[in-house]
Amino acid sequence: MKKHTLPVENLARLRRIRGLVRLMDTALRIPGTGISLGADSVLGLVPGVGDFAAAAVSLVIVNEARRLGVPNDKLIKMLVNVGFDTVAGSVPVLGDVFDVYFKSNRRNLELVLDHFGLDHADLDR
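Remember, it's a predicted structure, so these values are computed and weren't measured experimentally.

(A) Quick peek at the overall build of the protein. The helix and strand tally for the protein stands at seven helices and two strands. Listing the helices and strands of the protein from first to last along the sequence gives α-β-β-α-α-α-α-α-α. Computed over the C-alpha atoms, the radius of gyration of the protein is 15 Å, within 12% of the 14 Å expected from 2.2 N^0.38 for a compact globule of 125 residues. Taken over the C-alpha atoms alone, the protein extends approximately 45 × 35 × 15 Å along its principal axes. For the protein, with 125 residues in total, the buried portion stands at 42%. Long-range pairs, those at least 24 residues apart, make up 61% of the contacts in the protein with a sequence separation of at least 6. Summed over all atoms, the accessible surface of the protein reaches about 7000 Å², with 65% contributed by carbon and sulfur. The protein carries 16 positive and 14 negative side-chain charges, and their two centres are separated by 6 Å.

(B) Broad picture of the side chain of aspartate 40. The residue aspartate 40 is located in helix α2 (residues 39-43) in this model. Among buried Asp, Glu, Lys and Arg side chains, aspartate 40 stands out as unpaired, with lysine 103 the closest opposite charge at 7.6 Å. With near-sequence residues (within four places) excluded, aspartate 40 lies in contact with Met24, Asp25, Ala54, Asp85, Asp99 and Asn105.

(C) Highlighting the packing of helix α3 (residues 50-68) against helix α6 (residues 104-116). Put simply, α3 and α6 touch, their axes get as near as 10 Å, and they point 5° apart. Taken together, the axis directions place α3 and α6 in an arrangement best described as roughly parallel. Facing Ser58, Ile61, Val62, Ala65 and Leu68 of α3, the residues of α6 in contact are Ser104, Asn105, Asn108, Val112 and Phe116. The residue inventory of the contact of α3 with α6, partitioned by class, reads six nonpolar, four polar and no charged.

(D) Fine view of the nonpolar core. Counting residues in each nonpolar core, the largest one holds 21 residues, and the members touching the most others are Leu14, Ile17, Met78, Val112, Phe116 and Leu118. Those elements that provide at least two residues to this core are α1 (8-26), α3, α4 (72-89) and α6. Not counting residues up to four positions away in its chain, the partners in contact with leucine 14 are Leu6, Leu68, Val112, Phe116, Leu118 and Leu123.

(E) A look at α1. Counted at 1.5 Å a residue, the expected span for α1 with its 19 residues is 27 Å, and the 26 Å between its end C-alpha atoms agrees. Buried within α1 are the following residues: Asn10, Leu11, Arg13, Leu14, Ile17, Arg18, Val21, Met24 and Asp25. Buried residues of α1, seen end-on, are gathered within an arc of 155° and therefore sit on one face of the element. The exposed set on the far side of α1, more than 90 degrees from its buried face, consists of Val8, Glu9 and Arg16. Each element contacted by the buried residues of α1 is listed here: β2 (36-37), α2, α3, α6 and α7 (120-124).

What counts as what
- Residues numbered from 1 in each chain as written.
- Predicted model: local features only at pLDDT ≥ 70, side-chain atom pairs only at ≥ 80, totals over all residues.
- Heavy atoms only, no water.
- Helix = DSSP H or I, 4+ residues; strand = E, 2+ residues; numbered from the N terminus.
- Rg over C-alpha atoms; globule rule 2.2 N^0.38 Å.
- Buried < 20%, exposed > 50% of the residue type's maximum accessible area, 1.4 Å probe, protein only.
- Contact = heavy atoms within 4.5 Å.
- Areas by Shrake-Rupley, 256 points an atom, 1.4 Å probe, with all protein chains shown as cover.
- Lys, Arg positive; Asp, Glu negative; His and termini not counted.
- Charge placed at Lys NZ, Arg CZ, Asp CG, Glu CD.
- Salt bridge = Lys/Arg side-chain N within 4 Å of Asp/Glu carboxyl O.
- Axes fitted to C-alpha atoms, helices over the stretch in contact; angles between N-to-C directions.
- Parallel < 35°, antiparallel > 145°, perpendicular 65-115°, else oblique.
- Nonpolar A, V, L, I, M, F, W, Y, C, P; charged D, E, K, R; others polar.
- Core = buried A, V, L, I, M, F, W, Y, C linked by side-chain atoms within 4.5 Å.
- Expected span 1.5 Å × (residues − 1).
- Arc of directions from axis to C-beta.

Written as structure tokens, this is what we have:
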């Protein structure tokens, strides 16, 4: 789908998804480093339920992609990203480090933007 044929409502939804992705994956930058983390990393510190709470938010992003018409093959890739992040992130200590580096929501946003032939600059307009 070409970017100029995308309805304005869908662009607004993509912007909301991008905002949620930023919150979950890159909301905070550690000063003096190139490392950023978000609510996914922070929630992962809560034993037992943190990673699953983060997965629930990630599934909201996948559902929004489904509602926008992203094809099933990309939705499956998105679900694999969420599942991998949830399982690997649930490992004590190592999972917390993993969450800082594996940004499943950013990967999923890239899949959605790729489907529509958009990049981040297109969402800023």
